[in-house]
Amino acid sequence: MSKGKNIFSELSMYFKSDVSNMTAWMFTAILKRVFPSLGGIVKAKRGNSKVTMDAEIRFILQGISSGVKNISGLVSDKFGSLLRIKNSSIFDGLMNSDEVDWRTFQKKMLLNINNLTAKELERKASETFGDDAHEMFRQEPSGRALSPCFIIDDSVYPKTGKRTELIGKVFDHNSMKSVLGFKGLNLAYFDGKSTYSVDFALVGEGFDNEEHPQGMRKKDIGARFSKARESSSKASERVNEYRKSKPELQKDMVRNATDEGITGVKYVLCDSWFLSKDVLGFFEDEMGIHYIGMAKSNIRFDTEEGELNTAEVARMMKKKESARRKTHGRDANGNKIPKFIKKLYGKRFYGAELECTYKGRKIKVCIFSDNRKDWKAVVCTDMSLSLKEVFEYYQVRWNIEVMHADSKALFNLGKCQQRNFSGQVADMTLKLCVYNIMTYMKRITVYETLGGIFGDMTELKAEVCLVDKIWGMIMEAISSITRAFGASVSSIMNIVLDENKDICALYNLALKMNPSLCLAKLET
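Computed from a predicted structure; not experimentally measured. (Residues numbered from 1 in each chain as written. Predicted model: local features only at pLDDT ≥ 70, side-chain atom pairs only at ≥ 80, totals over all residues. Heavy atoms only, no water.)

## Description of a positive patch on the surface
A surface patch of positive charge is lined by Arg-330, Lys-336, Lys-339, Lys-343 and Arg-348. Among the structural elements, Lys-339 can be located in the loop between helix H13 (310-326) and strand E9 (342-343). (Patch = residues over 30% accessible without salt bridge, like charges linked within 9 Å, V, L, I, M, F, W, Y side chains within 5 Å. Areas by Shrake-Rupley, 256 points an atom, 1.4 Å probe, with all protein chains shown as cover. Salt bridge = Lys/Arg side-chain N within 4 Å of Asp/Glu carboxyl O. Lys, Arg positive; Asp, Glu negative; His and termini not counted. Charge placed at Lys NZ, Arg CZ, Asp CG, Glu CD. Helix = DSSP H or I, 4+ residues; strand = E, 2+ residues; numbered from the N terminus.)

Here is the structure:
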């Protein structure tokens, strides 16, 4: 393998726009523009490593985008063999390093993507509106445009091996049982159109169980991989997060994201378990961000008729609507009374809203149902939003579920086989960065799903490997002929290229994809 940054220049030749599909070429071009400077992110020296950390990270990102599922795949997969990588240990120092600030790396790359998005929007506006574009671009979005949001959610990453550092059992709400693995708390950013991963933390559960800590036998706890780390290292910060509560972690993640430059966020969208007086106070009072989130069915709200849960609020709103209908929608003075239960989107979908308080804080409770029997409550602290707008914003929360599903299906997110906890963090970070780049690609192209982009990337990898393999077979045949007749390789090769246009075309394609390989074989 070549030294230094040449590793990435070797890789990029496989994705030239004139010899491969545009998708992979675009990924390579975007990666060059959004890859952050490693200054302040990497504090440790590489020692005697022949390859720069910059080149290693770029190569891994490119490999993930083309279908490599894990680090060992960079060697066993054809993708890695093209660059003649013989041992995956070249990446171990990077993946298991305690001194790489992966959190800052992920945020800086996202900020670079945001800057690219802004430049692309301004360029398109300039083409459309001319000199007025600069001022128009900086105006607040109008109409039904959605404002930027943070989205917070957790996800379970099941594992099979009990030797992974800090591994334990966590409760999976989908299967309603405890599974071996990690639980991830994820922070995403919705910019009004696309959703990107901002940050994550791997956390454990069941630490207060003395007999079976983390749901495991004590001998299994003792058999896990462990490593002594400097308390000031970046890896120690991630290890310390493992025992933190999720409400505290979400505060840290939002603060860090804002401090790093992700600003202008107006709402935070959460699932039902986040709702609490402390959380509402944090987002509204400290961060200046409105909260929109589902409420559990047993949560009680302070209303004009006392403390009511979701079902009781629905019954109260039904009674008010029934009374309104009896008066034909008019009060004693003949004024029109607004509907208490409204039909949304012209379908059998209903909603109602009620201003009340929750633990002393003024909120708006919006309840929704598709059958007028089973109701779900969404809490919103922005009183200016309409019932329909609250529902539309809360729908955006589903984007983070799509992010989880796509990342797990396409990139094997959470399936890292590293025993070192640092390796688990590095693997997740790099895969989420690839997700962000492909999300940006989806935004600026005609792709409808990330799966379409990913499919093109893996097809390209197969195409490169096939051309390389066929050309290798041709060169082996020519070498056999030269040995039999005592001629030089170059003379026989020149005759073949002059006489056969198909082989000549294949040679030109192989030369563009891997010139060093073709020339090396010609010289033998």
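## Topic: the side chain of Ser-147
Here Ser-147 is to be found in the loop between helix H8 (133-137) and strand E1 (149-158). Leave out the neighbours within four places in its chain, and Ser-147 touches Phe-190, Lys-266, Tyr-267 and Tyr-393. (Contact = heavy atoms within 4.5 Å.)

## Section: the pairing of E1
Walk down a regular strand and you will see the side chains alternate between the two sheet faces. Where burial is concerned, most of E1 is hidden: 9 out of the 10 residues are buried. Alignment of E1 against strand E5 (residues 267-270), held across 4 bridges, turns out to be parallel. Paired with Phe-150 across the two strands is Val-268, which belongs to E5. (Buried < 20%, exposed > 50% of the residue type's maximum accessible area, 1.4 Å probe, protein only. Pairing = 2+ DSSP bridges.)

## Concerning the pattern of salt bridges
Using the criterion set out here, one finds 32 salt bridges in the structure. Where Lys-227 meets Asp-98, a salt bridge forms, and the shortest distance between an N and an O atom there is 3.1 Å. With Lys-227 in the loop between helix H9 (218-223) and helix H10 (234-241) and Asp-98 in the loop between helix H6 (92-95) and helix H7 (102-129), this residue pair connects regions lying 129 residues apart in the sequence. Note on Asp-98: relative accessible area 11%, which makes it buried. In this structure, Arg-255 and Asp-252 form a salt bridge, with 3.3 Å as the shortest nitrogen-oxygen distance. You can see Arg-255 and its partner Asp-252 sitting in helix H11 (residues 246-260), 3 residues apart, about one turn around the helix. A relative accessible area of 27% means that Arg-255 is categorised as partly exposed.

## Some thoughts on unusual backbone geometry
The backbone of Leu-166 sits at a positive phi, close to 70 degrees, despite the residue not being glycine. Along the chain, Leu-166 falls in the loop between E1 and strand E2 (168-172). By relative accessible area, Leu-166 is classed as buried at 17%.

## Things to note about the packing of helix H14 (residues 387-396) against helix H15 (residues 398-411)
At a minimum axis separation of 4 Å, H14 and H15 run at an interaxial angle of 15 degrees. In terms of axis orientation, H14 runs roughly parallel to H15. Judged by residue contacts, Tyr-394, Gln-395 and Val-396 of H14 engage Trp-398, Asn-399 and Ile-400 from H15. Its residues assigned to classes, the contact of H14 with H15 comprises 4 nonpolar, 2 polar and no charged. (Axes fitted to C-alpha atoms, helices over the stretch in contact; angles between N-to-C directions. Parallel < 35°, antiparallel > 145°, perpendicular 65-115°, else oblique. Nonpolar A, V, L, I, M, F, W, Y, C, P; charged D, E, K, R; others polar.)

## Points about the nonpolar core
The nonpolar side chains of a soluble globular protein tend to be buried with one another. One finds Ile-57, Phe-105, Met-109, Phe-150, Ile-292 and Phe-301 to be the most contacted residues of the largest nonpolar core, which totals 119 residues. Per element, the largest residue contribution to this core is 13 residues, and it comes from helix H16 (residues 421-444). (Core = buried A, V, L, I, M, F, W, Y, C linked by side-chain atoms within 4.5 Å.)

## Some remarks on the pairing of E2
Looking at chain direction, E2 and strand E3 (residues 177-190) are connected through 5 bridges and run antiparallel. Looking at the pairing, Val-170 lines up with Val-179 of E3. Connecting E2 to the antiparallel partner E3 that follows it, the hairpin turn spans 4 residues, and Met-176 within it adopts a positive phi of roughly 60 degrees.

## Details of the confidence of the model for the protein chain
In this model, the protein chain carries a mean pLDDT of 81, and residues with pLDDT of at least 70 account for 72%. Predicted confidence is poor over residues 513-524, with pLDDT under 50, and the contacts of this stretch with residues over four places away or in other chains come to 28 contacts. (pLDDT = per-residue confidence, 0-100.)

## Let's talk about the packing of aromatic side chains
Each aromatic ring pair is described using two quantities: the centre-to-centre distance and the angle formed by the ring planes. Per the counting criterion, the structure on display carries 16 aromatic pairs. Ring geometry for Tyr-242 versus Phe-421: centroids 5.9 Å apart, planes at 75 degrees, classification edge-to-face. Taken together, the residues Tyr-242 in the loop between H10 and H11 and Phe-421 in helix H16 connect sequence positions 179 residues apart. For the pair Tyr-242 and Phe-421, a shared accessibility class is recorded, and that class is buried. Their ring planes at 50 degrees and their centres at 5.1 Å tell us that Phe-368 and Phe-391 sit as a pair that is tilted. Highlighted residues: Phe-368 in strand E11 (residues 361-369) and Phe-391 in helix H14, separated in sequence by 23 residues. Take Phe-368 and Phe-391: they sit in the same class, and that class is buried. The structure contains a cluster of three or more aromatic residues connected by ring pairs, namely Phe-182, Phe-207, Tyr-242 and Phe-421. The residue whose ring lies beneath Arg-58 is Phe-35, and the NZ or CZ to ring-centre distance is 4.2 Å. (Phe/Tyr/Trp six-rings, centres within 6.5 Å; stacked < 30°, edge-to-face > 60°. Lys NZ or Arg CZ within 6 Å of the ring centre and 35° of its normal.)

## Side note on the environment of Gly-329
The topology assignment puts Gly-329 in the loop between H13 and E9. The exposure class of Gly-329 is buried, given its relative accessible area of 3%. The spacing of Gly-329 and Lys-339 is 10 residues in sequence and 7.7 Å in space, taken between C-alpha atoms. Ignoring any residue separated from it by four or fewer positions in sequence, one finds Gly-329 in contact with Arg-324, Asn-335, Lys-336 and Ile-337.

## Comments concerning the packing of helix H3 (residues 53-65) against H16
Contact geometry for H3 and H16: axes closest at 9 Å, N-to-C directions at 65 degrees. Taken together, the axes of H3 and H16 lie roughly perpendicular to each other. The handedness of the crossing between H3 and H16 comes out as right-handed. Seen from H3, the contacting residues are Ile-57, Ile-60, Leu-61, Ile-64 and Ser-65; seen from H16, they are Leu-430, Lys-431, Cys-433, Val-434 and Met-438. (Left-handed = near helix turned anticlockwise from the far one by under 90°.)

## Let's talk about H14
With 7 of its 10 residues buried, H14 lies for the most part within the structure. Three or more residues of H14 are buried, namely Leu-387, Val-390, Phe-391, Glu-392, Tyr-393, Tyr-394 and Val-396.

## Let's talk about the environment of Arg-348
Inspection of the secondary structure puts Arg-348 in the loop between E9 and strand E10 (350-358). As a C-alpha pair, Arg-348 and Asp-370 span 22 residues in sequence and 5.7 Å in three-dimensional space. When residues no more than four places from it in sequence are discounted, the contact partners of Arg-348 are Ser-369 and Asp-370.

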